[in-house]
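# Breakdown of the fold
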Amino acid sequence: MPNTQQLQDLTTQVRRDILRMVHKVNSGHPGGSLGCAEFFVALYQNIMDRKDTFDMDGKDEDLFFLSNGHISPVFYSVLARSGYFPVEELNTFRLINSRLQGHPTTHEGLPGIRMASGSLGQGFSVALGAAQTKKLNGDTNLIYSLHGDGELQEGQNWEGIMYAAANKMDNLISTIDLNGQQIDGSTDDVLAMGSLRAKFEAFGWTVLDIEKGNDIDAILEGMAKAKALTGQGKPICVLLHTVMGNGVDFMMHTHAWHGKAPNDEQLATGLSQNAETLGDY
Amino acid sequence: MKTYTNTGNKDTRSGFGAGLTELGQTNENVVALCADLIGSLKMDDFKKNHPERFFQVGIAEANMIGLAAGMTIGGKIPFTGTFANFSTGRVYDQIRQSIAYSDKNVKICASHAGLTLGEDGATHQILEDIGLMKMLPGMTVINTCDYNQTSCNYRHCKTSWTCLLAFWKTKSSQLYSRRSNF
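Residues numbered from 1 in each chain as written. Chains lettered and ligands numbered in written order. Predicted model: local features only at pLDDT ≥ 70, side-chain atom pairs only at ≥ 80, totals over all residues.

### Quick notes on the overall build of chain A
- When helices and strands are tallied, chain A shows ten helices and seven strands.
- Taken against the 2.2 N^0.38 rule, which gives 19 Å for 281 residues, the C-alpha radius of gyration of chain A at 18 Å falls within 12% of a compact globule.
- Principal-axis analysis of the C-alpha atoms places the extent of chain A at approximately 50 × 45 × 35 Å.
- Within chain A, the fraction of its 281 residues that count as buried is 50%. (Helix = DSSP H or I, 4+ residues; strand = E, 2+ residues; numbered from the N terminus. Rg over C-alpha atoms; globule rule 2.2 N^0.38 Å. Buried ≥ 20, exposed ≤ 12 C-beta atoms within 10 Å, placed from the backbone.)

Below, the structure is given as structure tokens:
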């Protein structure tokens, strides 16, 4: 199991991947990707009980579903650097004939992807379906999912959230990327959702906060607590308090870099703040 | 010219229910989901015979489609059941992304299709169901004409393609035998 420093080094390299991927094609979503870099690294390197090889059914291993598919840069980088496909393939992000579509898809057979995402709000239902099948198969491994906070404005989420508690889906740990931003501004300005903790609790979920959502140790500690609460008849929601654009100073604390690529100068600045650790692709 | 004989009037939705129960007995990976319309879709027998493989999702069709898509991961073959209007138009985007584009073997079972729910009025008369589904790559659309066709069409559902079965509650002439090669 990698130590904190190794996870931090990998996170820094993932940040470089994200910046270089979106810069090359002058499109993509760096803000949310950067904010979730620590979470993805911790999840794939430490938290999930997963196999090194990929098969769609994923029996007897933990599975992960990304609901907010637009943060594909961080997903692709961490999948590649976790051994699912060659890191050189990151160079094809968003290009024609690439398996790395702007939003994740199973259609091109990219290892690590089990469901297309992009149209928001569908991830809870899909993750719940996979969790239900694990229960039917007597498979005691867990399902993890990640959702944007703004994404919770989609109604389908709450159908799934209601189903999960009613059916005691206690093999599911759903994390909300609580960065408080969406495309048009802050989530409070666009459509205020009030207390997500109160909402999830009212729907019958167990809720945990990870206040330092960009701190590797805090994530490991919080997710270990979440895992310890599985199997007790209730689904688990983790509110991960992150900073959008984390690790690149001019991208932090703003919605401005939700779906915008850095120019040459901005890329150089961003990379200078994240020195190469494991080698660029 | 091939000739047909009407052997009696039966509703196609009962053919669906019987076929689903039969398939559930022969294939333990078959699971069924329903959005609060068990009686209308004649899914009672499946629920009674395979309670652990039956999922009541409530009046939440979008969630039902996503659940079904996710359930295929790990080897299940889900059949979703609700009226055609709520099986297609209401959840088109969920079918498009989570089933068709994601290549998931889900059977979308749509009842009371087209004008067949006439007395319920236009909100329940979807005329776009077959058209919407036919536009999706990989989607097989099966519209059966009688009880036996509906019951036996699960032969096709053993393939890896998603499909739509548009069947109805009104009784229609029974023209095909169970051994017919449709």
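### Details of the packing of helix α1 (residues 4–25) of chain A against helix α3 (residues 37–47) of chain A
Residues and elements named next belong to chain A.
- At their nearest, the axes of α1 and α3 sit 9 Å apart, and the two run at 125 degrees to each other. The angle between α1 and α3 falls in the class oblique. For the crossing formed where α1 meets α3, the hand is right-handed. Contact residues: Leu7, Leu10, Thr11, Val14 and Arg15 in α1; Ala37, Glu38, Val41, Ala42, Gln45 and Asn46 in α3.
- For the contact of α1 with α3, the per-class residue count stands at six nonpolar, three polar and two charged. (Axes fitted to C-alpha atoms, helices over the stretch in contact; angles between N-to-C directions. Parallel < 35°, antiparallel > 145°, perpendicular 65-115°, else oblique. Left-handed = near helix turned anticlockwise from the far one by under 90°. Contact = placed C-beta atoms within 7 Å. Nonpolar A, V, L, I, M, F, W, Y, C, P; charged D, E, K, R; others polar.)

### Regarding the sheet that holds strand β7 (residues 163–167) of chain B
Residue and element names in this part refer to chain B.
- Taken in spatial order, the six strands of this open sheet run β3-β2-β4-β5-β7-β6, and their pairing is parallel. In the strand order of this sheet, the two ends are held by β3 (54–56) and β6 (140–142), each with one partner. Going from strand to strand, the sheet's axes swing by 20 degrees on average, the running direction of each strand aside.
- In terms of strand pairing, strand β5 (residues 107–111) meets β7 through five bridges, oriented parallel. Pairing of Ile108 across the sheet is with Leu164, part of β7.
- The strands touched by helix α3 (residues 61–71) within the sheet are β2 (30–34) and β4 (77–83), with β4 carrying the most contacts at an inclination of about 165 degrees. (Pairing = 2+ DSSP bridges.)

### Section: the pairing of strand β1 (residues 63–66) of chain A
All names here are of chain A.
- Of the two faces of β1, the one lined by Leu63 and Phe65 and the one lined by Phe64 and Leu66 are each fully buried.
- The pairing of β1 with strand β2 (residues 143–148) spans four bridges and is classified as parallel. By the bridge assignment, Phe65 is partnered in β2 with Ser145.

### Brief notes about the sheet that holds strand β6 (residues 206–210) of chain A
Residue and element names in this part refer to chain A.
- Taken together, the five strands give an open sheet; going across it, the order is β1-β2-β3-β7-β6, and neighbouring strands pair in parallel fashion. Each edge of the sheet is formed by a strand with only one pairing partner; in this case those strands are β1 and β6. Neighbouring strand axes in the sheet, compared pairwise and without regard to direction, differ in orientation by 20 degrees on average.
- Where β2 and strand β3 (residues 172–178) come together, six bridges link them in parallel fashion. For Ile143, the partnering residue across the bridge sits in β3 and is Leu172.
- Of the strands in this sheet, β1, β2 and β3 are in contact with helix α5 (residues 123–136), which crosses β2 at around 175 degrees.

### Considering the interface of chain B and chain A
- Between chain B and chain A, the contact holds 21 residues from the first and 29 residues from the second.
- The set of elements that each furnish at least two residues to the side of chain B that touches chain A consists of α3 and α5 (92–100) of chain B.
- Of the residues in the side of chain B that touches chain A, the class split is nine nonpolar, nine polar and three charged.

### Topic: the pairing of β5 of chain B
Residue and element names in this part refer to chain B.
- Counting buried positions along β5 gives five out of five residues, so the element sits mostly inside the fold.
- Of the strand pairs in this sheet, β4 and β5 are connected by five bridges, and their pairing is parallel. Directly across from Phe83, in β5, lies its bridge partner Ser111.

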